[in-house]
Amino acid sequence: MFCINSRVQGVTPELFSMYNEVMSSTIGHMTDFGFLKGLQPLFRPIRFVGNAVTVRIPHMDSSAVHKALDIVEPGDVLVIDMSGDTERSCWGGICSYIAKTKKAAGVIVAGCVNDVQEIIDLQLPVFSLGASPLTTRILGIEGEINTTISVCGVAVHPGDLIIADSDGVFVANPKDAMGYGVKAVEIQDGEAELKRKLDAGISLASISGADKWFE
Ligand SMILES: O=C([O-])CC(=O)C(=O)O
Ligand SMILES: [Mg+2]
């Protein structure tokens, strides 16, 4: 059965502008949750912030991926759950061409991609588990668009905030994202002062608190 829900705009303009400055690993200093572990970027440097449009497909059938391209809007990140298939690709150069034309922020495939050089030439930011010439087909079996999906063990909801950069991918629901974002900007802004202290000869262990474990 196919299921297609309306697009959800969860990411507000405030979140977009705040997260423009936030690095995924700054969040990694605060929480272990929400990271899509195991995904690799097709190229580096890479960076995007966007609003999740989710897709779930069964083994072999990428009908829902093609359909989802109809509803992608500028700033969206297409996040594709391939139901555990790590051998096939459901995403290649033509899909990338459309996503790029529609100004999608990026694409995340919990499976493989093909037409790698074409995607790199387009400079569409894509994360995946790898590359494969073995592809899915348009079979009309089943698929979902804008339902809750599971990517690398993390639940991704339509309208979630995605930040992806050369370090990796972080997903948060918009309500938690504000708190993480405020803290992350604070940490990043504090790094200039931290470097001044290091330049003045103060040790990192004394600033970070590591020293107290060695008393
Ligand atoms: O058509 C597909 O599903 C995958 C592909 O090769 C492309 O996007 O060019
Ligand atoms: Mg192709």
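Residues numbered from 1 in each chain as written. Chains lettered and ligands numbered in written order. Predicted model: local features only at pLDDT ≥ 70, side-chain atom pairs only at ≥ 80, totals over all residues.

Asker: Break down the overall build of the protein chain for me, with residues and values.
Answerer: A tally of helices and strands in the protein chain yields seven helices and 14 strands. For the protein chain, the spread of C-alpha atoms along the principal axes amounts to about 65 × 30 × 30 Å. Residue burial in the protein chain is summarised as follows: out of 215 residues, 38% are buried. Contacts in the protein chain between residues at least 24 apart in sequence constitute 76% of all its contacts with a sequence separation of at least 6. (Helix = DSSP H or I, 4+ residues; strand = E, 2+ residues; numbered from the N terminus. Buried ≥ 20, exposed ≤ 12 C-beta atoms within 10 Å, placed from the backbone. Contact = placed C-beta atoms within 7 Å.)

Asker: So, the site of ligand 1: which residues are in play, and what are the values?
Answerer: What surrounds ligand 1 is the set Ser-62, Cys-90, Trp-91, Gly-92, Gly-93, Ile-94, Cys-95, Asn-114, Asp-115 and Thr-135. Elements represented by at least two residues in the shell around ligand 1 include exactly strand S5 (89-91) and helix H4 (93-101). Grouping the constituent residues of the shell around ligand 1 by class yields four nonpolar, five polar and one charged. (Near = placed C-beta within 6 Å. Nonpolar A, V, L, I, M, F, W, Y, C, P; charged D, E, K, R; others polar.)

Asker: How would you summarise helix H6 (residues 174-199) if you had to cite specific residues and measurements?
Answerer: With 26 residues, H6 extends 38 Å from end C-alpha to end C-alpha; this agrees with the ideal 38 Å at 1.5 Å per step. At Glu-191, H6 is bent by approximately 35 degrees, the largest bend along its length. Turning to H6, its buried residues are Ala-177, Tyr-180, Gly-181 and Ala-184. The elements touched by buried residues of H6 are helix H1 (13-19), helix H2 (24-28), strand S13 (161-165) and strand S14 (168-172). (Expected span 1.5 Å × (residues − 1). Bend = angle between axes of the 7 residues up to and from the residue.)

Asker: I'd like a description of the pairing of strand S3 (residues 47-56), backed by residues and values.
Answerer: Counting buried positions along S3 yields nine of ten residues, so the element is predominantly enclosed. In this sheet, strand S4 (residues 76-81) lies alongside S3 in parallel orientation, the contact comprising six bridges. Bridging from a neighbouring strand, Thr-54 pairs with Val-79 of S4. Two strands pair when backbone bridges link them, and S3 and strand S10 (residues 143-145) are joined in this way by two bridges, in the antiparallel orientation. Within the sheet, the bridge partner assigned to Arg-56 lies in S10 and is Glu-144. (Pairing = 2+ DSSP bridges.)

Asker: Lay out the nonpolar core in plain terms, naming residues and giving numbers.
Answerer: Buried together is how nonpolar side chains tend to be arranged in soluble globular proteins. Among the nonpolar cores identified, the biggest contains 55 residues, and Val-77, Leu-78, Val-79, Ile-80, Val-107, Ile-108 and Ile-162 are the most heavily contacted of them. The leading source of residues in this core is S3, at five residues. (Core = buried A, V, L, I, M, F, W, Y, C linked by C-beta atoms within 7 Å.)

Asker: Could you give me a rundown of H4, with the residues and numbers involved?
Answerer: The complete set of buried residues in H4 reads Cys-95, Ser-96 and Ala-99. The buried residues of H4 occupy an angular sector of 100 degrees when the element is viewed end-on, so they sit on one face. Those residues of H4 that are exposed and angled more than 90 degrees off the buried face are Ile-94 and Thr-101. Turning to H4, the residues buried within the fold contact helix H3 (63-68), S4, S5, strand S6 (106-110) and helix H5 (116-122). One or two residues past the end of H4 sits Lys-103, with phi positive at roughly 60 degrees. (Arc of directions from axis to C-beta.)

Asker: Quick one: what's the story with the sheet that holds strand S9 (residues 130-131), residue by residue and with numbers?
Answerer: Strand order in the open sheet formed by three strands is S5-S7-S9, and the pairing between neighbours is parallel. Whereas interior strands pair on both sides, the edge strands pair on one side only; in this sheet they are S5 and S9. Two strands pair when backbone bridges link them, and S5 and strand S7 (residues 112-113) are joined in this way by two bridges, in the parallel orientation. Counterpart to Trp-91 in the pairing with S7 is Val-113.

Asker: So what's going on with the UniProt feature "binding site: Mg(2+)" (unreviewed entry) in the protein chain? Residues and values would help.
Answerer: Per the UniProt annotation, the sites labelled "binding site: Mg(2+)" (unreviewed entry) are Asp-115. Among the secondary structure elements, Asp-115 is positioned in the loop between S7 and H5. Judged by C-beta crowding, with 20 C-beta atoms within 10 Å, Asp-115 ranks as buried. Setting aside residues no more than four positions away along its own chain, Asp-115 makes contact with Gly-92 and Gly-93. (UniProt positions renumbered as here; feature names shortened; annotations may be inferred.)

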